[in-house]
Every structure is written in C-alpha cells, then in structure tokens.
Amino acid sequence: MVAAKPAGMSEPEPPEPPESAAEDSGRVMPAITAGDDGRVTPAMAQYIEIKAANPDCLLFYRMGDFYEMFFEDAEVASRALGITLTKRGKYLGRDVPLCGVPVIRAEEYLHKLIALGHRVAVCEQLEDPAEAKKRGSKSVVRRDVVRLVTPGTLTEDTLLDATRNNYLMAVARAKASDKDDSRFALAWIDISTGEFRIAECDRAGLSAEIARIEPGEIIVSDALYADGDLVQLWRALPAVTPLARDAFDGATAERRLSDFFAIATADSFGTLTRLELTAAAACVTYVERTQLGKRPPLSPPQREGNGTSMAIDQATRANLELMRTLGGERRGSLIAAIDRTVTSAGSRLLAQRLAAPLTEVETITRRHDAVAALVADATLRAELRDMLNAAPDLARALARIAVGRAGPRDLAGVRDGLIAAGGIAQRLAVLRKAPAEMADAASACRKPDPSLSAELAHALADDLPVMKRDGGFVRAGYDKSLDEARALRDESRRVIAALQARYADETGIRTLKIRHNNVLGYFVEVTAQHGDRLMAAPLNATFIHRQTLAGQVRFTSTELGELESKIASAAERALGLELDIFERLAGAVIAQGGEIKQTAEALAVLDVAAGLATLAAERDFVRPTVDASMAFVIEGGRHPVVEQALARDGTPFVANDCDLSAPDSKDGDANGGRIWLLTGPNMAGKSTFLRQNALIAVLAQAGSFVPARRAHIGVVDRLFSRVGAADDLARGRSTFMVEMVETAAILNQAGERALVILDEIGRGTATFDGLSIAWATIEHLHAANRCRALFATHYHELTALSARLPRLHNATVRVKEWHGEVVFLHEVVPGAADRSYGIQVAKLAGLPASVIERAQEVLAKLEAEDRATPKGFDDLPLFAAPVARKATPAADDPLEKVVSALAALNPDEMSPREAMEALYALKGKLSAPK
Ligand code: ADP
Ligand code: MG
C-alpha cells in the first residue's frame, strides 16, 4: 500500500501520457451516484447520511486524493473557489453536480472558503479501500467527519495570521425584565494558543467588548441570535454562528466544563457565576464538536476583572486607528508603528495589550519596570532578541500537536522554542536584580523538563518534511529497528536498479526502464517500437503485459513483483516505526503541555518588553508616570505614527505640551479635569494633537514608554474619541446622526476619569446648529462629566466660553502669514486663533487668483458688517444678529450672485473635490444669462 518512490532510478520521468488522467492523478471517480432507475448506491447512501448530519457545512468528502463535493455544495464551492463544476451520474433522475479539490491543496481552498464565511466538514476515509473490499465487493469504505472547520476554530499556520489571535467567543445572556438591565457573559478561546478568558458586561458594554477582543467567530444561542434588540449587532459582525439551546444550557454547563478539563468540579475555576459558566461551557462544547472530541490544550478560564482595563468603544478604536487604519490596513496603525517584536507570539501579545490598556497602576508599573530595565541594558536587549528570534511559535505548534494535526516541523518548533527558552533563562539568571515581570518569565522558561528538548533534538533529522506520512524525519542512529528497516528498503531499491540493468542487457533494449507510479506500482517500460518483442516468445515468458500507451508499453515480471512487495513492506515498516516515534514524542510534548504553554507565554512577555524597549531607544520614548491622580501632563508630546511617517521624508515633527490636570493643583487632583479648546485653521495640526494625547494615554497604560519628553498621567478609565462628520463622509460611514449618537454616548457615559477627544463635533450640520451643539456639549462636559477633554473646533465663537467656564482653556495652533501665504508652524500655544485663514488655505489648494482676490474683498465686507453688529455670546440666545445678516438682499447682478455664493462657502469644510465643484458653479454663475 505504501508508495515508496523508486529512488534508484534517477533519470527524469517523461511526462505521463494522458491515458486516463483521472486515475493517474489519483482521482477515483465515485461510484456514488445511482442510475436512472433511482437506485441509490451504498456510497451515495453514506454520503447522504453524513451530509444530513452536517447540514450547515460544506462537506469535503474524501475519495482517494481528492475531497469531492456534491449537489448544492458543489455549486457553492465551484462558484466560491472558481473551480470547474462537473456532473456525475444521476440521483432521483437529475444530474448530480460535482466538484473536487486535491487533498494536497486543501488548506488553500479551505482558507478561501472560511474567509468567505463558509463552514466546512472534513470527511475522511477511515480505512484502506482494500480493507473494505475484504468485506465484500459492494461494501463502501468507512468514512466519517473528523473535523469541522469554522473561522473561530483554526489551528493551521496557513489559515491563521501569525500576528493576531483568532478567538472563538461565546455570548450568553441573563435576561432581565428591562432589556437594558440584561447581563452578558463573554467567554473567548484561542484554540491555536490555548488562551481562555471570561468577562461580564452589560448591554451598553457588549459591542465595546466585542470590538476589543475582535473574535474570528461568535457563537450564541438561537434565541439570542433572533433577539430583536441584538439583530443589528450580529449582522454587523463577520461570523456569528447560532447554536441550538443545549450548548448554552446553564444546568449542564459546570459538568461540561469540568469534563473538558477532566477534573471533578469546576470549583477550581474560582467563583464563576452561572452565566459565566454557561458561556465558558458553550465554548468548550463547540470546540469539542468542531474538533470531534479532540481537546486542544486550553488554559483554565481566566476572568478578566471588570474595570481592569481602559474602556474604549468601537468608534474610538477605529478613530484612533489602534489596530488598523480607517482604510482597514495594518500599515499606518498604532500597532504597526510600535511593533518591534521578533516573534509571532510577541506580536499577538502586544496587540492584546494595546487593545486593553490597564487601569491598575501596579501592573502598569510592573510592565514599565521591565521595559526600563531593557532600555538601560542595550546588550541584554540585543542578546535577548537574538535568542527570541530563534524561538518559533511554541503555542501554536503545541496546539496542533494536541489536536493530532501536527507535522514533524511542529515537533521541531517545540524543540527550538524550548532550547531558546533554556538559553534565555540562563541569560536572565545572571542578572543581579531583574524586574518582577522578567524574573517571572525566566522562572516559567525553566519549567519544562530539559530532557524533552534534548530528546527532540536527538530524534529529529536536520531536514524535515511537512507531513509525517512523508517519513524521513527521524534522525539516522536514533532508533535501531528503524535503521534496519531503512537499510532493507534502500537495499531493495539498489536491487531494482540492478534488475533494470540486467533486463536491458537480456533484451538488448538499452532504453528499457523500471518505473513506478501509484496505480501500477513498479513496472518495466519500453517504447512502443520495442513492445512487440517483449510480448513475443521467448521474452513473453519473463514479461507480463500490463498497459499500452501511445508511446510506451508497460510490463511486469514475477521477479519485479516479488521485489516490489519486499520494498513495500520494508518501506512500510520504516514508516510505521517513524510514525510510532512521532506519536511517542508528541505524547511527551503533550505531557508537558502546561509547562510549555507557560514558557510560550513567558517568551511572548519578554519579546514585548524587549520590543518596546527597542522602540523607546530608537524613537526616544520616555517612561511615563502613571498614578491614581487626576493629572494629565504631557511635555513635548509627539504623535507616534505621524512622527514616523514624517521622518521618512525627513520632516521634523513639532512636539507639543498638553496639560489637562485640574487647574488649581500641581499635576492635578480630583477637582475635575481641564478642557482644552483648540482652534486653528485647517491643516494646522489640531487633529494630530488631539490624537497624540489619546495615544500617549493608551501607550502608557498598555505598559509602553511614550513619545514625549515627560508624561504624568492619572489613570484614564475610559477613552472616547469622535470626529465630526465631514472627516468621515468620504468613507461613507458617518452621518450627522451617527456623530450625534456617538456624542450622546460620551455625554452619558464619561465619568471624571475619562479622557474625551472631540474633533470638530457639530461640523456635519448647518453652521448655527453645529455651533450651538458644540457650545452645549462643552458646557455639559465641564459641568456634568468633569472629565479631562480636548475639543478641536473651527468655531472661533466658542473661545468666548472660557470667560465663564473656569476649567476651559483656549489653545491654538500657530500659523504665520508670510507674503500673504500661510505657513503652518504646528505649534500649540495658549489663546485663540485670530481667524480661520480659509482663504489662504484655498490659495494653497490652487484656487484661481481672481477668485482668491474677490473672496478677500467679500470677507473684508462681511467682517466689517460683523463688527457693526455686536455679538452677545455671554447671554444666550446667541445668534439673532448673524441670522439677520443672512437676510441681506441679493441683487440680480451675476457678480452679486457670485459674491453671495462665495460668502456661503466654507472652505474649511470642503473636500478638494467639493472645492472644484464649487468653483465650476461660481464660473457658471458668472456666465449665466440674467
Ligand atoms: P487639522 O486637524 O488642524 O486640520 P491635521 O492634524 O490633520 O490638521 O494636520 C495636518 C497635517 O499637518 C498632518 O497631516 C501632518 O502632516 C502635519 N502636522 C500636524 N501636526 C504636526 C506636528 N506637530 N509637526 C509636524 N507636522 C504636523
Ligand atoms: Mg482635523
């Protein structure tokens, strides 16, 4: 059965003639379908039964070297994968559609199908076809589904992003009479790394939690899936799988969980609530179902304490571009700018930390301590990173080994990871005073028994095949019986080479070859012209005809047949021994799974610390002070992403200070935070300044150093960032309504410890509405939320508010006018912008000189009128005077029309495209008939 390759025959094979392509490529055409009479073959019956058990999956039905799909599955898959749809026989009088993918390329196709949101059931042959035959000529090969492939339960490197976790999340709800009082438990697992976490939240926090964790797949009960209140949420998420109630049955949850971990009770999980147990049990039940009972090495569920991390909602995450840009790319995001890790596990951990900055000062300090130690010791840092570089993805290799999906390279991964960890532990042991985080990591690295890595190093060959069934991965000399079986196999192959030479001699056919393929096994092959000679006496006594092709004739012989079975049994024995060794080594790895997992985590922790230290050294970041005060003092702060982007063109970034601490104390106390109202023309750097301060808070609390000269941050428990609609309109995401809904969320939720960033809120509507909304928003932030906030606006009128609101501070981004041109200094200074420089910016954008000149005239006129009608911003209502100005009658003169159209324009609010259109419209008015 084993198809040993004829290694002795080194001449290149001529391309196989296309005699029966299906056969030669290993595609066994199914005897699956029935005849016109409606008779159902046993194979068909088997297919239908298996398919019926997995109705919501595409069924990959193994037949020889292919996974075949039938009926609707075939149609769906052929469309999704762009592969040919064929027909095979009939079922109930109709053609049966069929398409197949070769087993060796299955992962690639799986990847596409999963990405498109499909689920796939992989059905394998559980016995050799020869065995089935023994039961009778009509019997079918036993088959069954060995695994369901779903987006949240992947383990293969080819299907996973190395730098990101792939979580499966279960959401369970305890319904309250008032739906807003419902509690939710979330449990999430990465089966490729073993992480398992639990958290609770309320309805308001649900989508923020999902946004933070970004699961690859969410499972919910049917009932929750259909709940009217949540339908919108589910629909907006990529992969939500509803499950029948039993998976979310609270009564059996604890038992299912303890069964999975093979322990007596779930008591050891701490005091999980029934709701948390329900979510956690749903996760493991789903894992068992999709892995068909195989158990990946999960850590016991860890509860994430409420309020231990900074709450950041989805809009804020998107807006601050923490993990990806608004365009959806990693490049240009904060994570991309700060990730200097050298391992995939480190990269994943950094992403986790950035997604959930901490609120506990102690843990934050612990992380800063490790980074500081590695900033201070450049040699240690470099050595550590070198050693980490040699450590492969230990967690994922371990997971594949545990679910029986590993290859020899996964064993090698464990070997190399453990060797690296051993070296690192040794290196750290010589430190006199290692910070706690590093000391803990070092002791985790010492946990696995060193004899395991020694054994793996001893057993594994230097060059490893991807699949264990390819054999050849055990080092010669490791196992005596294996060496013997291999010697026998190789010896027989030499004998075949000798036989070929002898046959060539005996027949006088110099081109006679002994070849091998999967269908015929070994055979003698001669060109067509010599075929007749072998088929005639006397040679036909030796050679038995097997096959005639267009150019060749193939034979076998008794001697060849005997040799073949000798080779096959030696090769089979060798492979069998290798597979035994594989299982034994895998077993040894699994036995130390817990220690290996801790080691993997420790390596990731060290990688993150060393990566952040590298970043700090390279980009001149400082250690922030994070404490329980209400301070927010940033001196010489920079935007970590913009700075790097500018550095690429050699442009320096202008550092800026920011102080949102309560005004009446040094570095702040609990009197309510300060609000900075930032004015300045478009392009001055307002948005950049706002975001850099939010990002500095995120970085500091995630455990990183920060791009500033000095930073003192009293823990921020909640971060909000919103942008006025105009910035987002181009992407078709935001409308004024969304902007207002989001602003409402902030005003309702932000407490004293929140940090709020509002960028041009109120821009998405008419000027006076917008100004009024902005006005009232600032008053509310000041009086009710009392949080630290930054508010950028182009409404200069708002600066008047500082006279009444003691904690409102006006700041502006400096610009210089030089020969009528505006020069952006990007420098944030106290005070208000004197004007908006809209016309100067328009000039920079290339508006024609005549339009600019005319606009200046109009502006002068409008400003004169404005001065004539004093504004009473201190006494609401505010806008009587400006509204009256609107009523100025417009003459019929085209020039006047242009003037009034121009006056109505607000260049600050226009995209380049809108500016162009406006310009055409203006020209149109000039030439229009009276
Ligand atoms: P605004 O929000 O005021 O319109 P942005 O924050 O969008 O301005 O900044 C416009 C551009 O100015 C940015 O793309 C950036 O290239 C540059 N910029 C902003 N702030 C700085 C700074 N502090 N130093 C250097 N360049 C800056
Ligand atoms: Mg802006």
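Located above this text is the structure these notes cover.
Since the model is a prediction, treat every value here as computed from it, not as a measurement. (Residues numbered from 1 in each chain as written. Chains lettered and ligands numbered in written order. Predicted model: local features only at pLDDT ≥ 70, side-chain atom pairs only at ≥ 80, totals over all residues. Heavy atoms only, no water.)

Time to look at helix α10 (residues 274-290). Taking 1.5 Å of rise per residue, 17 residues should cover 24 Å, and α10 covers 24 Å from first to last C-alpha, within 8% of that figure. The buried fraction of α10 is high, at 14 of 17 residues. Where α10 terminates, the next one or two residues include L292, which has phi positive at roughly 50 degrees. (Helix = DSSP H or I, 4+ residues; strand = E, 2+ residues; numbered from the N terminus. Expected span 1.5 Å × (residues − 1). Buried < 20%, exposed > 50% of the residue type's maximum accessible area, 1.4 Å probe, protein only.)

Cis peptide bonds are those with omega within 30 degrees of zero, and the linkage from A537 to P538 qualifies with 0 degrees. Structurally, P538 is set in the loop between α21 (528-535) and β16 (544-548). If you check the backbone angles, E214 has positive phi at about 50 degrees while not being a glycine. Here E214 lies in the loop between α6 (203-213) and β10 (217-221). A relative accessible area of 26% places E214 in the partly exposed class. Here E321, not a glycine, exhibits a phi torsion of approximately 55 degrees, which is positive. Looking at the element boundaries, E321 is found in the loop between α11 (314-320) and α12 (334-338).

Before going further, it helps to spend a moment on the pattern of salt bridges. Under the criterion given, the structure shown has 52 salt bridges. The closest approach of N and O atoms between R119 and E217, which form a salt bridge, is 3.5 Å. Highlighted residues: R119 in the loop between α4 (106-115) and β5 (120-125) and E217 in strand β10, separated in sequence by 98 residues. There is no split in this pair, since R119 and E217 are both buried. Measuring nitrogen to oxygen at the nearest pair gives 3.9 Å for the salt bridge that ties D227 to K175. (Salt bridge = Lys/Arg side-chain N within 4 Å of Asp/Glu carboxyl O.)

Once that is clear, we can look at the site of ligand 1. Surveying the vicinity of ligand 1 reveals 13 residues, the closest of which are V654, M683, K686, S687 and T688. Here an oxygen atom of ligand 1 sits 3.0 Å away from a polar atom, N or O, in the main chain of G685. Taken by itself ligand 1 offers 560 Å² of open surface, and the protein chains cover 80% of this. Within the shell around ligand 1, the residues separate by chemical class into seven nonpolar, five polar and one charged. (Near = heavy atom within 4 Å. Polar contact = N/O pair within 3.5 Å; in protein donor to acceptor, adjacent residues only side chain to side chain. Areas by Shrake-Rupley, 256 points an atom, 1.4 Å probe, with all protein chains shown as cover. Nonpolar A, V, L, I, M, F, W, Y, C, P; charged D, E, K, R; others polar.)

Looking now at the side chain of T556. Within the fold, T556 resides in strand β17 (residues 552-556). By relative accessible area, T556 is classed as buried at 14%. For T556, the residues in contact, after removing those within four places along its chain, are Y522, T542, F543, I544, R546 and G561. (Contact = heavy atoms within 4.5 Å.)

On to the sheet that holds strand β22 (residues 710-714), then. The mixed open sheet is built from four strands, whose spatial order is β18-β22-β19-β20. Taken across any chain shown, the strands that pair with only one partner, and hence form the sheet edges, are β18 (625-627) and β20 (656-659). For this sheet, the mean inter-axis angle between neighbouring strands, taken without regard to orientation, is 10 degrees. Here strand β19 (residues 632-637) runs beside β22; their pairing, made up of four bridges, is antiparallel. Paired with E635 across the strands is R710, a residue of β22. (Pairing = 2+ DSSP bridges. Axes fitted to C-alpha atoms, helices over the stretch in contact; angles between N-to-C directions.)

Let us look at the environment of A397. The topology assignment puts A397 in helix α16 (residues 394-402). Judged by its relative accessible area of 3%, A397 is buried. Distance from A397 to T193, taken between C-alpha atoms, is 8.5 Å for residues 204 residues apart in sequence. Once you skip the residues sitting within four places of it in the chain, A397 turns out to touch D410 and V414.

Generally speaking, nonpolar side chains in soluble globular proteins are found buried as a group. If you look at the biggest cluster of nonpolar residues, it comprises 115 residues, and the most contacted ones within it are L334, L354, V414 and V589. Setting aside residues no more than four positions away along its own chain, L354 makes contact with L322, M323, L334, I335, I338, V698, L699 and A702. Membership of the second largest hydrophobic core comes to 29 residues, among which are A172, A187, A281 and A282. (Core = buried A, V, L, I, M, F, W, Y, C linked by side-chain atoms within 4.5 Å.)

Counted at 1.5 Å a residue, the expected span for helix α20 (residues 480-507) with its 28 residues is 40 Å, and the 41 Å between its end C-alpha atoms agrees. Looking at α20, one finds that the buried residues are L482, A485, R486, R489, S492, R493, I496, L499, Q500, Y503, A504 and T507. Residues of α20 that are buried in the fold lie against β14 (513-517), β15 (521-527), α21 and α22 (558-591). Two residues or fewer after α20 comes G508, characterised by a positive phi angle close to 75 degrees.

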